[in-house]
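These are the residues of each chain, in order.
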Amino acid sequence: MSTIAREGVKATEPLRPEPATVVDVIEETPNIKSFRVVFDDPELMQSFTFLPGQVGQLGIVGVGESTFAISSPPSEKEYLQFSVMKTGEVTSALHELTPGDKVSLRAPLGCAFPTDEWKGKKVLVVGGGIGMAPLRCLFMHLMDHQEDYQRLQLIYGARTPRDICFTNDCKLWGEVEELDFITTIDTEHPEWTGRTGLVPHVLEEEAPDPANTIAVTCGPPIMIKYVLQSLEKLGFRDEQIFTTLERRMKCGIGFCGRCNIGPKYVCVDGPVFTLKELRELPDEH
Amino acid sequence: MGRFIASENIPVLLTRLATDGAVWAPAELPDSGESVVFAPWQPGREVVLDRFTQMSPKELVLPMSERLLSFSYTLTMEGEEMEVESAIPGGHTVIFGARACDAKALVVLDALFHQDPETTWSDTQYRARRDDMTVVTIACVKGTADAACFCSSWENGTAEKAGSDVIIYPVPGGFLAEAVTIRGTEVTGWDMFDDSDQPLPELDTTDVVDFDGLVEKLVTPGVFSDLDFWGRESHKCISCGYCTYGCPTCYCFNIYDEMQGDRQGERCRSWDACMFYNYTVETSGHNPRPTIAHRWRNRLGHKFSYYPANQGETLCTGCGRCIRGCPTGVDIRDILRAAGEHE
């Protein structure tokens, strides 16, 4: 299901990034920032398209690049957003950036959520922490085409109120009546009056009907593990469940070798996989 | 009618080839005991054609380290500007004295790095080098192959012609030459070659690993689901990575940036190895292939299952370098045979 969209990465120069500029930096949590970036080439910016779930290699030349999900929806034509947790060398350097600074970008890479195939179905999105980044893009895309889907449901969890990303979006989503949106934090907290409980527990309490439903999940590995168990308990089949994976990556085009799980390369065959696909691969998650 | 070149005319041929570009030929590495490696040829330098090279000529298409891009920042009236340019290697390369396994390896690598840019990615630097290259292969005639060779496991074995422009066959007094490509016909047409009606000498055969049924076993579930098997089979391995560096088809690489001052720099890549712990370790500390058993499963899987499935070629040509060079005596053939017998 790999899709190669060509704007932004030339087929004959796939490792050459395009210069881009940071136009906005949003502090999401104490260690997560969202960067809104614009390609320096206005023609490229205008023609650029991608699909939800696709990723980009965002970086700083002189430091390096890393793979991040595009967290803005395809309908957002003014900028591309990447939400970055400060963890290593590249992410720490990115966290120093301010509007006007230069970044390098190779995008779009990887394959997308098959949202066209989901038309007419209910979509349940289950996210945790920074795992919400690709899901934000997906969910906003689904909302853009709400009439195509029977029902949209989002369960988003974070450890504490301060770890919730995209708080402005969450406020907006909370106000949309047709949406079924739940934010939860792991345990009671003085700053929090909303729902508490671990994501898998909340999911089981909500007990969405698996009939004609697609479930998508992304978050910390431990959360994904228990969410998958809960979905199974609720009666979801492996082919109804989608997730998006992370791996150490360098090239993003299936050449450098390291991100494979068996014959599948997370960078080109993924990062989106169904649970059914993953079960057929060696257990190297 | 074939063509013949006398041994004393080999330097004449090399001199002629050198007018087209850089000639790399097997030579003894100074002060290294008897190690033979591909080295830039210069007039007067002895070419060693009767021993195998320790390293394959892979570095002539995928150098151990190379520049991918150069970049610079400049301050303009409009603000800071950033320029990024691909480094495109130029100039013809001649590989002289490759073996059939080495030449075939180039074709195997082409299947990934030199795909049609109309349908998928194509590697900038690899493509530039491959498109401007002559390969002269020395045939493995009777008495050449050693105990580590196993190219006869594939249909063509030592008679494989893929990847070669010219194949030269050692005969008394010189070499018979066979043109494989148009470029090969051009080269063997030069006047340091003479016509000859000598028959081509018989080629050697090597050890054979029986691949029948192996691909069906290298799957999940199957031998891939038995991590204990991989632990047992790789217990001698110390994860040094020699097998990957010596291999003519291993291509994994790392990418890193180097600054020259604070306004410009280069993005480079260098060989990496799937046998290294750090190859897959993530920033969080999580490693999807944490043990040597995991890494061996992936190494063998990549060569004999994943690459064939994705690229249609086995990622191995039976050159035997990983066997000859392994410091702890791991023999990939033993693991292949054990996998084939796995219940």
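Residues numbered from 1 in each chain as written. Chains lettered and ligands numbered in written order. Predicted model: local features only at pLDDT ≥ 70, side-chain atom pairs only at ≥ 80, totals over all residues. Heavy atoms only, no water.

A. Here's a closer look at the overall build of chain B. Summing up its helical and strand segments, chain B has 10 helices and 12 strands in all. Since a compact globule built from 343 residues should have a radius of gyration of about 20 Å, the 22 Å found for chain B is in line with a globular shape. Overall size of chain B, expressed as C-alpha extent along the three principal axes, is 70 × 65 × 45 Å. Buried residues in chain B amount to 55% of all 343 residues. Here the analysis covers contacts within chain B between residues at least 6 apart in sequence; of these, 69% occur between residues at least 24 apart. Of the roughly 14,700 Å² of accessible surface on chain B, 51% is carried by carbon and sulfur atoms. Charge-centre separation for chain B: the mean point of 29 positive side chains lies 4 Å from the mean point of 51 negative side chains. (Helix = DSSP H or I, 4+ residues; strand = E, 2+ residues; numbered from the N terminus. Rg over C-alpha atoms; globule rule 2.2 N^0.38 Å. Buried < 20%, exposed > 50% of the residue type's maximum accessible area, 1.4 Å probe, protein only. Contact = heavy atoms within 4.5 Å. Areas by Shrake-Rupley, 256 points an atom, 1.4 Å probe, with all protein chains shown as cover. Lys, Arg positive; Asp, Glu negative; His and termini not counted. Charge placed at Lys NZ, Arg CZ, Asp CG, Glu CD.)

B. Looking closely at the sheet that holds strand β4 (residues 65-76) of chain B. Residue and element names in this part refer to chain B. Strand order in the open sheet formed by four strands is β5-β4-β12-β11, with antiparallel pairing between adjacent strands. Edge positions in the sheet fall to β5 (79-86) and β11 (253-260), since each has one partner strand and no second. In this sheet, neighbouring strand axes are inclined to one another by 20° on average, regardless of whether the strands run parallel or antiparallel. Alignment of β4 against β5, held across eight bridges, turns out to be antiparallel. Bridge pairing in β5 links S70 to E85. (Pairing = 2+ DSSP bridges. Axes fitted to C-alpha atoms, helices over the stretch in contact; angles between N-to-C directions.)

C. Main features of the side chain of T134 of chain B. Residue and element names in this part refer to chain B. Among the structural elements, T134 can be located in strand β7 (residues 133-138). We classify T134 as buried; its relative accessible area is 0%. With residues up to four places along the chain from it excluded, the contact list for T134 reads H92, T93, V94, I95, D165 and R183.

D. Structural context of the packing of aromatic side chains. The tally for this structure, following the rule as stated, stands at 18 aromatic pairs over all chains. Look at Y245 of chain B and F276 of chain B: their rings are 6.2 Å apart centre to centre, the planes differ by 85°, and that puts the pair in the edge-to-face class. Note that Y245 of chain B is positioned in helix α7 (residues 242-246) and F276 of chain B in the loop between β12 (264-271) and α8 (292-311), a separation of 31 residues in sequence. F276 of chain B sits in the partly exposed class, given a relative accessible area of 23%. By the ring-pair criterion, three or more aromatic residues cluster together here, those being F255 of chain A together with F113, Y126, Y251 and Y307 of chain B. The ring of W271 of chain B is capped by K58 of chain B, whose NZ or CZ atom sits 4.4 Å from the centre of that ring. (Phe/Tyr/Trp six-rings, centres within 6.5 Å; stacked < 30°, edge-to-face > 60°. Lys NZ or Arg CZ within 6 Å of the ring centre and 35° of its normal.)

E. Structural context of helix α2 (residues 100-113) of chain B. Between its first and last C-alpha atoms α2 of chain B spans 20 Å; for 14 residues at 1.5 Å apiece the expected length is 20 Å, and the two agree. With 13 of 14 residues buried, α2 of chain B is to be regarded as a mostly interior element. (Expected span 1.5 Å × (residues − 1).)

F. How the structure looks around the interface of chain B and chain A. Each side of the interface is counted separately: chain B has 48 residues, and chain A has 46 residues. Roughly 3,900 Å² of surface becomes buried between chain B and chain A when both sides are summed, with 56% attributable to carbon and sulfur atoms. Of all residues in chain B, M82, W121 and R267 of chain B bury the most surface against chain A, accounting for 21% of the area lost on that side. Counting every contact that joins chain B to chain A gives four salt bridges. Here R289 of chain B and E284 of chain A are joined by a salt bridge, their closest N and O atoms 3.0 Å apart. Where the side of chain B that touches chain A is concerned, the elements lending two or more residues are β4, β5, α2, α3 (124-130), β11, β12 and α8 of chain B. (Buried area = accessible area lost by both parts, 1.4 Å probe. Salt bridge = Lys/Arg side-chain N within 4 Å of Asp/Glu carboxyl O.)

G. Summary view of the domain arrangement of chain A. All names here are of chain A. The domain boundaries assigned to chain A delineate domain 1 (18-109) and domain 2 (115-244). Summarising the inter-unit geometry, the C-alpha centres of domain 1 and domain 2 are found 24 Å apart. Across the contact, 20 residues belong to domain 1 and 16 residues belong to domain 2. At the boundary of domain 1 with domain 2, total buried surface from both sides reaches about 1,300 Å², with 66% on carbon and sulfur atoms. Applying the counting criterion to the domain 1 and domain 2 interface returns zero salt bridges. For the pair domain 1 and domain 2, the number of links is four residue pairs in polar contact (both at pLDDT 80 or more). For the side of domain 1 that touches domain 2, the elements supplying multiple residues, two or more each, are β1 (18-29), β2 (32-39) and β5 (80-85). Among the elements that make up the side of domain 1 that touches domain 2, the one with the highest residue count is β5 (four residues). The residue makeup of the side of domain 1 that touches domain 2, split by class, is 10 nonpolar, eight polar and two charged. (Domains from an automatic or database assignment. Polar contact = N/O pair within 3.5 Å; in protein donor to acceptor, adjacent residues only side chain to side chain. Nonpolar A, V, L, I, M, F, W, Y, C, P; charged D, E, K, R; others polar.)

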